[in-house]
Amino acid sequence: MYTINAICNIVKGKFIQQQHDVDIEHLVYDSRLITSTEGSLFFALHTLQRDGHYYIEEAFKKGIRNFVVDKEVKSDFVDCNIIKVADTLKALHQLAANHRNNFNIPVISITGSNGKTIVKEWLYQLLQDDHAIVRSPKSFNSQLGVPLSVWQINSTHELAIIEAGISKAGEMDSLEKIIKPTIGVFTNLGQAHDEGFPSQDEKLREKIKLFQNSDIVIGQDKFLDSLPRDKKFTWGKADSNNLQIISIESSTSSTIIHGSFLFYPTSVVIPFIDEASIENAINCWCVMLYFEYNEQTINDRFASLHTVDMRLQLGSGINHCTIINDSYSADLTSLQIALHFLLQQHTGQKRTIILSDFVETGKPDEKLYELIAHHIIQNKVEKVIAVGKSISSHLPALLPPAVEVNNFYSTEDFIKNFKQSDFVNEIILVKGARQFQFEKIVQMLETKVHQTLLQIDLNAIAHNLKEYRKLLKPATKIMAMVKAFSYGSGGAEIANILQFNNIDYLGVAYADEGVALKEAGVSIPVMVMNAEESSFLNIINHNLQPVLYSLFLLRKFEGFLNQQGIQGYPVHLEIETGMNRLGFTLHDCNLLKDHFKEGGTFKIQSVFSHLVASEDAAQDDFTIQQASVFSQAIEILQQIASYPFLKHISNSAAIIRHPQLHMDMVRLGIGLYGVEIETKKLNLQPVATLRSTIAQIRNLHAGDTVSYNRTGVLKEDTVIATVRIGYADGYSRIFSNGTGKMLINGKLAPVVGSVCMDMTMINITGIEGVKDGDEVFVFGESLPVAEVAAWANTIPYELMTSVSQRVKRIYYQE
């Protein structure tokens, strides 16, 4: 806190009007953005668009009583402190620089042509667990943004991350004096602001001035040649770099970067594949290496990185609502920006804000929520939904009775109690700290406009479960496999109907699927088939039961549990009997003796294996061979564990064809969703129906072509219907050129030409009564998914799990 007298001395100004000494907390530069007046100081800045002196009167009318000016102003502003300086922007810089000098903490400053904000936000995500961090709001990196960013630093902060941008020569020196970075990060050198510099070399030299007094500068080798060796931490392909990049391998959704650090091989996996993200990630990787993080921690942190969208997104919502999505941050500066944006939208709708707890602000809760309440009132918000224990405890009492307030202690609590009818004709600002995962709330509020739907019949799920139960002894338990979003049908919805129908276990592929089920209120045991070291904490926090399939994984999880002081944790063991995918071999089983003693770290819940071809009569001998190997493994493990555990090897097909292998439990997968092998012993009902609509019908002539590359050549006059489904929805390009067919008005219509990303053309010649907007069935009761899969020479599993998440799921139960 600074007094107005102290500030006058710092900026080397003089009072042209002085009333009384006051404490200054907030710096204001735009009269339109004023929400807090007490303790605020208005700087009358000059920009290309305006002169702040013209807006002093407006600021005064809104309650501002402290000003910094560099021109004469009229003297009829009563009860004001007015400081005159030579240059208001320089005065702002002087104040921020003085403020920076009060803190002896590491300051990371980032500059470069592109990627500054991304790197800043990613470093915040990567380091926030270990440091109380203050960072530049949004893209505050200019001559104005930098001092406002530095002004946020207070005594609670342990690390600052400040970005700096320039547009012409001579600007960086002043920013360096304000930031005084101890650690520099240089992202890259591109074409941005070329007009402000004589050459690229000159632009690079100007940007590097930011780091003239830094302890270390991190960046790609080619940009830091001018710096001495002991002042830089570089990355690149040459072995002279601190981090030598050996190779970069990208898949469809992630990239693994192999390198060498301190002469040892190292690698990191990032959930991005584009070149810019890879470059930004390597810079962040170098920062973590400089901070001496180990490889495991680095990979764990990188695994949870999310994309950074610094824009306020405005879109359509349910019930004639408008949604402003700002769901990844919660700090006072960005709140003021977002509220101002809300106030700017003159839609005539009720102004609503959904707001989470504010964390790591450095302010006491009482003061913090008093400020937030003030901003809410000033911006004419009519409805507040507070999500979080702290905000729910403090904010409601600070708001006037005219403001409607609803409290929820968590995002999950909000989702559990969510009703669409609670939001009608409102403009809703959604703003929350990252850990509150407000993107889930945004998804619930957004309008779903895609006309391709996957309909899920919950009655069919219950019916199919009963059909399989007819084949089992009453004591035989059932594990229902709900992995891969319940074969594309929807995890939590399917799990809840199964729980209602007294299923014994649920099986998922990965921990995050299990977490989603537990968060949706599922209470029955959930087995996680592909446990990963990075998921251990989620597993124990949500009482999930992992499958252990290797000595490596077993030892890792055992060590983790020992660190947590946990004993007797429930696990499942997978045995390798012929699939040659995952599992302990018979030899491995003999090595498990010391790990499964009674009262030890683990408690075996079940032991199981996978049958390779239980549906194929030609492979029955191999199925029996697998069962024999499994029995041997059971004998070994039964001697090691002095307590009973469940044994299971049967899948959907084996339940029907190999009743002798039912054992203690069976695993019901694709059969539950209405897909049966060819025995026809059961009266199964299809669970999922994929349907779409016709966007347009056109009459074409012989010789015309359809779709990309003119692949569909018409031999006769043809009526073509364009359907709103494509490979982005999960309808594979394999179905192109007549391989696939869709059902309309009870008739099959073959695909013409290539399947496009969002549309597919079908031949409806001779099918009567078809018009724009009519429904088309891709698979379902009248067109079995097994038949459609056969056309593509694949299996129903693949088709069902390929239906993309942009296809809306509709659940119904009669």
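Scroll up for the structure.
This text gives an overview of the structure that appears in the document.

What counts, and where the lines are drawn
- Residues numbered from 1 in each chain as written.
- Predicted model: local features only at pLDDT ≥ 70, side-chain atom pairs only at ≥ 80, totals over all residues.
- Heavy atoms only, no water.
- Helix = DSSP H or I, 4+ residues; strand = E, 2+ residues; numbered from the N terminus.
- Buried < 20%, exposed > 50% of the residue type's maximum accessible area, 1.4 Å probe, protein only.
- Patch = residues over 30% accessible without salt bridge, like charges linked within 9 Å, V, L, I, M, F, W, Y side chains within 5 Å.
- Areas by Shrake-Rupley, 256 points an atom, 1.4 Å probe, with all protein chains shown as cover.
- Salt bridge = Lys/Arg side-chain N within 4 Å of Asp/Glu carboxyl O.
- 1 Å grid on protein atoms, 1.4 Å probe; cavity = no way out; pocket = protein on both sides within 12 Å on 5 of 7 lines; lining within 4 Å.
- Points joined across faces, edges and corners; volume = space filled by probe spheres on them.
- Nonpolar A, V, L, I, M, F, W, Y, C, P; charged D, E, K, R; others polar.
- Pairing = 2+ DSSP bridges.
- Axes fitted to C-alpha atoms, helices over the stretch in contact; angles between N-to-C directions.
- Contact = heavy atoms within 4.5 Å.
- Phe/Tyr/Trp six-rings, centres within 6.5 Å; stacked < 30°, edge-to-face > 60°.
- Lys NZ or Arg CZ within 6 Å of the ring centre and 35° of its normal.

1. Focus: unusual backbone geometry
In the Ramachandran plot, Q437 falls in the positive-phi region, its phi being about 50° despite a non-glycine side chain. Mapped onto the fold, Q437 is located in the loop between β22 (426-431) and α14 (439-445). Classification of Q437 by relative accessible area gives partly exposed; the value is 28%. Phi is positive for N793, which is not a glycine, with a value near 55°. With respect to the element layout, N793 can be found in the loop between α24 (785-791) and α25 (796-802). When its relative accessible area of 73% is taken as the criterion, N793 is described as exposed.

2. Here's the deal with a nonpolar patch on the surface
A cluster of nonpolar residues, L262, F263 and Y264, forms a patch on the protein surface that exposes about 480 Å² of accessible area. Relative to the helices and strands, Y264 resides in strand β16 (residues 264-270).

3. A word on empty space enclosed by the protein
Under the definition given, this model contains two cavities of 30 Å³ or more. If you trace the largest cavity, you find it lined by L690, G730, Y731, F735, V778, F779, V788, L799 and V803. The computed volume of the second largest cavity comes to approximately 30 Å³. Along its surface, the second largest cavity is lined by E574, I575, E576, T577, G578, M579, L582, S609 and H610. For the lining of the second largest cavity, the class distribution of residues is three nonpolar, four polar and two charged.

4. Some remarks on the environment of Q455
Looking at where Q455 falls in the secondary structure, it is placed in strand β23 (residues 453-457). Owing to a relative accessible area of 17%, Q455 belongs among the buried residues under this scheme.

5. Focus: the sheet that holds strand β4 (residues 26-28)
Spatially, five strands are ordered β2-β7-β6-β5-β4 in an open sheet, and the strand pairing comes out mixed. Here the strands that pair on one side only, and so sit at the sheet edges, are β2 (14-17) and β4. Taking each pair of neighbouring strands and ignoring which way they run, the sheet shows an average axis angle of 30°. The pairing of strand β5 (residues 40-43) with strand β6 (residues 66-69) spans two bridges and is parallel. Its bridge partner lying in β6, F43 is registered against V68. The sheet contacts of helix α3 (residues 88-100) involve β4, β5 and β6, and relative to β5 the element is tilted by about 140°.

6. Quick word on the sheet that holds strand β14 (residues 243-250)
One open sheet holds the nine strands; their spatial order is β9-β10-β8-β11-β12-β13-β14-β15-β16, and the pairing between them is mixed. The sheet is open, and its two borders are formed by β9 (133-135) and β16, each paired with just one other strand. Taking each pair of neighbouring strands and ignoring which way they run, the sheet shows an average axis angle of 20°. As paired strands, strand β13 (residues 232-236) and β14 are joined by two bridges and run parallel to one another.

7. Regarding the packing of aromatic side chains
Considering all chains together, one arrives at 21 aromatic pairs under this definition. Seen in terms of ring centroids, F233 and Y290 are 6.4 Å apart; in terms of plane orientation they differ by 85°. Their pairing is edge-to-face. One end of the pair, F233, is in strand β13; the other, Y290, is in helix α8 (residues 275-290), and 57 residues separate them in sequence. An aromatic cluster of at least three residues, connected via ring pairs, comprises F536, F557, F560, Y569, F596 and F602. Positioned over the ring face of Y54 is K71, at 5.4 Å from the centre of the ring. Sitting over the face of the ring of Y124, R135 holds its NZ or CZ atom 3.7 Å from the ring centroid.

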